[in-house]
Amino acid sequence: MKINLTKSTEDYLEALYIFSKESDDNSVHSLQVAKFLGVSKPAVTKAMNNLANEGYILKSLYGTITLTEKGKEIGMVIYDKHCTLKNFLINIGVTEENASIDCCKMEHVISNETFLKIKEFNNKITTNK
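Since the structure is predicted, the reported quantities are computational estimates derived from the model, not experimental observations. (Residues numbered from 1 in each chain as written. Predicted model: local features only at pLDDT ≥ 70, side-chain atom pairs only at ≥ 80, totals over all residues. Heavy atoms only, no water.)

(A) Representation of the overall build of the protein. Helix and strand content of the protein: 6 helices and 3 strands. Listing the helices and strands of the protein from first to last along the sequence gives α-β-α-α-β-β-α-α-α. For 129 residues, the compact-globule estimate of 2.2 N^0.38 gives 14 Å, and the C-alpha radius of gyration of the protein, at 16 Å, lies within 12% of that figure. Dimensions along the principal axes, computed over C-alpha positions, put the protein at roughly 50 × 30 × 30 Å. If you take every contact in the protein between residues at least 6 apart in sequence, the share linking residues at least 24 apart comes to 56%. (Helix = DSSP H or I, 4+ residues; strand = E, 2+ residues; numbered from the N terminus. Rg over C-alpha atoms; globule rule 2.2 N^0.38 Å. Contact = heavy atoms within 4.5 Å.)

(B) Seen up close, the layout of surface pockets. Its boundaries defined by the atoms lining it, the second largest pocket holds a volume of some 190 Å³. Around the second largest pocket, the lining comprises 13 residues; the ones closest to its centre are Asp11, Glu14, Phe36, Leu37 and Cys104. Secondary-structure elements contributing two or more residues to the lining of the second largest pocket are helix 1 (7–22), helix 2 (30–37), helix 4 (69–91) and helix 5 (96–106). Along the lines of polarity and charge, the residues of the lining of the second largest pocket split into 6 nonpolar, 2 polar and 5 charged. (1 Å grid on protein atoms, 1.4 Å probe; cavity = no way out; pocket = protein on both sides within 12 Å on 5 of 7 lines; lining within 4 Å. Points joined across faces, edges and corners; volume = space filled by probe spheres on them. Nonpolar A, V, L, I, M, F, W, Y, C, P; charged D, E, K, R; others polar.)

(C) Fine view of the environment of Thr68. Along the chain, Thr68 turns up in the loop between strand 3 (64–67) and helix 4. Along the sequence, Thr68 and Tyr17 sit 51 residues apart, while their C-alpha atoms lie 10 Å from each other. Not counting the four nearest positions on each side in its chain, Thr68 is found in contact with Gly55, Tyr56, Ile57 and Leu58.

(D) Region of interest: the packing of aromatic side chains. On inspection of all chains with the given rule, the structure shows 3 aromatic pairs. With 5.8 Å between their ring centres and 50° between their planes, Tyr17 and Tyr79 make a pair best called tilted. One end of the pair, Tyr17, is in helix 1; the other, Tyr79, is in helix 4, with 62 residues separating them in the sequence. Exposure remark for Tyr17: the relative accessible area of 10% places this residue in the buried category. Ring centres of Phe88 and Phe121 lie 6.0 Å apart, and the angle between their planes is 75°; this geometry places the pair in the edge-to-face category. Here the residue Phe88 occupies a position in helix 4, and Phe121 occupies one in helix 6 (residues 112–128), the gap between them amounting to 33 residues. Judged by relative accessible area, which is 39%, Phe121 ranks as partly exposed. A cation over a ring is seen here: Lys70 above Tyr56, with NZ or CZ 4.6 Å from the ring centre. (Phe/Tyr/Trp six-rings, centres within 6.5 Å; stacked < 30°, edge-to-face > 60°. Buried < 20%, exposed > 50% of the residue type's maximum accessible area, 1.4 Å probe, protein only. Lys NZ or Arg CZ within 6 Å of the ring centre and 35° of its normal.)

Written out as structure tokens, the structure reads:
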């Protein structure tokens, strides 16, 4: 899947995906996202309005946010990149702390080809352990 979104949009969709997986009804509150990303609640509100206008989320009257299928798919892809890259970095000897920081940067700029090769490599390592 080719995604041409800003880093910020990807971060919001990834955060929404993570929190929606933890929720019984797949809904998320903007305060959760603000704390997770270290941004202000007004920044989240503005971002959520943009995401709603683009069809990535639905906002309820009670303030909960739910990913649409389109938003969920992108959030899942970004989260998969994050986890795969973090595991790869740890497997090659990077500390978990640095792997966490670096994978957040890498997930937004890595080519699909390179990502798929890293994922393939990770799978080989995991099956050979």
